[in-house]
Amino acid sequence: MSSQPSSLLDELTRGVAIQTPPDAIKSKLDLAKKEARPLVVKLGFDPTAPDLHLGHAVVLRKMRQFQDAGQKIIIILGDFTARIGDPTGRNKTRPPLSEAVIKENAKTYLDQLSKVLDTAPDKMEVRFNSEWLGKMSFADVVKLMAKVTVAQILQREDFNNRYTNNIPIGMHEMLYPLMQGYDSIAINSDIEMGGTDQLFNCLVGRALQEADGTVGQAVISMPLLVGLDGKEKMSKSHNNYIGLTEEPNQMYGKAMSIPDELLSNYLDLASNFPHATIVEMKEKLADPSTNPMEIKKALAANLVEQYHSKEAAEAAAQYFYNQFQNRSSEEKSYEPIDAASVFGSEKTLSLLDICAKLEPSESKSQMRRLIASGAVSVNGEKRGDPTLMIDAPADREIQLRIGKRGFFAVK
């Protein structure tokens, strides 16, 4: 850290949306040097869904930079807080999750973290917040609540909106920021990281530490990655995401659907090109003579290489070229599929079931939304009813187009 302090500081601050306090990273690095110890850098996840995506990776990649700089990384898996569900950005109470679902989701998170972080035991520590929150007595909870006022909690935008519009707020939801904040006390956090939507929760942790008589953590907020729809933040619920474990062809194909106006944003937040390369690519994008397709191809390959391999990226690029750019007719683009592998012994299946078998990486709920949005065609005709029954083909074929990338001829 002392050999190249300015370059390290530049690297760690690059891309950060908000630092609290404004010189948070520099002051914490100075503290680590003074006390001759690594900083404790915290990131929390509530395992409320099974998959991580590029939106999560924005923060994870910044965590990796702190990790590479020799800091102590602690991942908090909120197996206790997930029973409530983070109310951030919600206009209604989240339904509770079962303990079994939470445990299964937590396991998949640990598997996926290795896509970005060094998960060796000496490089990363994983803690479950039931370890301390599950042991708190009611007296402990009351003592914790006494450190924050109702007025402070209602400063939170989503709570304030719900209160103003007479939308119910459960008392357990108001406890959520305090529980996440208590995590910081439990592990003596120096820095907590999160997206800008987590700023309030992270600041509560800082306030609770200070109320407990310790030095408050710095809060590092990363920008939110806009999803493939170009409107909402990347989220599985909006079906606008690129998952970290998606197979290479699908990841590459999805990346090729990133809106042109978001390419600069994705270069900054999702690629791992050297900074100088990113600057050069953004300058090209600003030139009206540049075809954004070339930048998009480079970005797509970079994403696949990050989460799979260079060989997988090259193969995915070739597949995309063969499937979508090097076809002389529409018929050539349809991948032949044996009807028996789809229908089995069934003589008829719903459109939803057929699509789910052709695109097994997508959940049925996501596929149902895709069908309802008009993104699925059968023999050239859009079909918006997921319950539509389709007969197994005998001496003919069924051509299905699913979204922008899926072309299948079931024969």
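My aim in this report is to walk through the structure given alongside it, one point at a time. Just so you know, these numbers come straight off a predicted model, no measurement behind them.

What follows covers the pattern of salt bridges. Inspection of every chain in the model, using the stated rule, returns 22 salt bridges. Residue R156 pairs with D158 through a salt bridge whose shortest N-O separation is 2.9 Å. Overall, the relative accessible area of 4% leaves R156 in the buried class. A salt bridge links D268 to K282, with the nearest nitrogen and oxygen atoms 2.8 Å apart. Taken together, the positions of D268 in helix 12 (residues 263-269) and K282 in helix 13 (residues 275-286) put the pair 14 residues apart, joining distant regions of the chain. On the accessibility criterion, K282 (29% relative accessible area) is partly exposed. Look at the salt bridges and you will find they share partners, linking K72, E125, R127 and E131 into a network.

Quick look at the packing of helix 11 (residues 248-255) against helix 14 (residues 292-307) now. Contact geometry of helix 11 with helix 14 gives a least axis separation of 9 Å together with a crossing angle of 145 degrees. For helix 11 against helix 14, the interelement crossing comes out right-handed. When helix 11 is examined against helix 14, the residues P248, M251, Y252 and A255 are found in contact with a partner set consisting of K296, K297, A300, A301, L303, V304 and Y307. In terms of residue class, the contact of helix 11 with helix 14 is made up of nine nonpolar, no polar and two charged.

For the rest of this paragraph, the subject is the nonpolar core. The biggest cluster of nonpolar side chains holds 64 residues, and the ones touching the most others in it are F45, L54, M63, I75, M193 and Y266. In terms of residue count, the dominant contributor to this core is helix 3 (residues 54-68) (seven residues). For Y266, the residues in contact, after removing those within four places along its chain, are L54, L225, V226, G227, L228, M234, I258, S271 and L299. Formed by 21 residues, the second largest nonpolar core is a distinct cluster that contains I76, I84, V148 and I187.

Now for the sheet that holds strand 4 (residues 124-128). Across the sheet, six strands lie side by side as 1-6-5-2-3-4; this open sheet has mixed pairing. What marks the edges here is a single partner per strand, and that holds for strand 1 (18-20) and strand 4. For this sheet the average axis-to-axis angle between neighbouring strands, irrespective of direction, equals 20 degrees. Examined bridge by bridge, strand 3 (residues 72-77) and strand 4 share five bridges and lie parallel to one another. Along strand 4, the bridge assignment pairs I73 with M124. Together, strand 2 (40-45), strand 3 and strand 4 form the strand contacts of helix 4 (residues 99-113), whose direction differs from that of strand 3 by roughly 155 degrees.

In this model, the second largest pocket occupies a volume close to 870 Å³. Residue lining of the second largest pocket: 41 residues in total, with K254, E362, I402, G403 and R405 positioned closest to the centre. Residue assignment for the lining of the second largest pocket shows that the elements contributing at least two residues are helix 11, helix 15 (310-325), strand 7 (335-337), helix 16 (339-343), helix 17 (351-358), helix 18 (364-372) and strand 13 (406-410). Of the residues that constitute the lining of the second largest pocket, the class distribution is 17 nonpolar, 14 polar and 10 charged.

What follows is about unusual backbone geometry. Both trends apply: most residues other than glycine have a negative phi, and most peptide bonds are in trans. Here the residue pair T20 and P21 is connected by a cis peptide bond, since its omega of -5 degrees sits within 30 degrees of zero. For P21, the position within the fold is in the loop between strand 1 and helix 2 (24-35). Within the chain, A36 stands out as a residue other than glycine whose phi angle is a positive 55 degrees. Mapping A36 onto the fold places it in the loop between helix 2 and strand 2. Phi is positive for N166, which is not a glycine, with a value near 55 degrees. Checked against the element boundaries, N166 lands in the loop between helix 8 (157-164) and helix 9 (171-187). By relative accessible area, N166 is classed as exposed at 72%.

Now for the pairing of strand 5 (residues 191-195). For strand 5, the buried fraction is high: five of the five residues fall into the buried class. In the sheet, strand 5 pairs with strand 6 (residues 218-222) via five bridges, with the strands oriented parallel. When the sheet's bridge partners are listed, I191 is paired in strand 6 with A218. Handedness of the crossover is the feature at issue here: the chain leaves strand 5, passes through helix 10 (residues 199-211), returns alongside strand 6, and the resulting connection is right-handed.

Scoring rules and cut-offs
- Residues numbered from 1 in each chain as written.
- Predicted model: local features only at pLDDT ≥ 70, side-chain atom pairs only at ≥ 80, totals over all residues.
- Heavy atoms only, no water.
- Salt bridge = Lys/Arg side-chain N within 4 Å of Asp/Glu carboxyl O.
- Buried < 20%, exposed > 50% of the residue type's maximum accessible area, 1.4 Å probe, protein only.
- Helix = DSSP H or I, 4+ residues; strand = E, 2+ residues; numbered from the N terminus.
- Axes fitted to C-alpha atoms, helices over the stretch in contact; angles between N-to-C directions.
- Left-handed = near helix turned anticlockwise from the far one by under 90°.
- Contact = heavy atoms within 4.5 Å.
- Nonpolar A, V, L, I, M, F, W, Y, C, P; charged D, E, K, R; others polar.
- Core = buried A, V, L, I, M, F, W, Y, C linked by side-chain atoms within 4.5 Å.
- Pairing = 2+ DSSP bridges.
- 1 Å grid on protein atoms, 1.4 Å probe; cavity = no way out; pocket = protein on both sides within 12 Å on 5 of 7 lines; lining within 4 Å.
- Points joined across faces, edges and corners; volume = space filled by probe spheres on them.
- Right-handed = clockwise from strand over helix to strand, strands pointing away.

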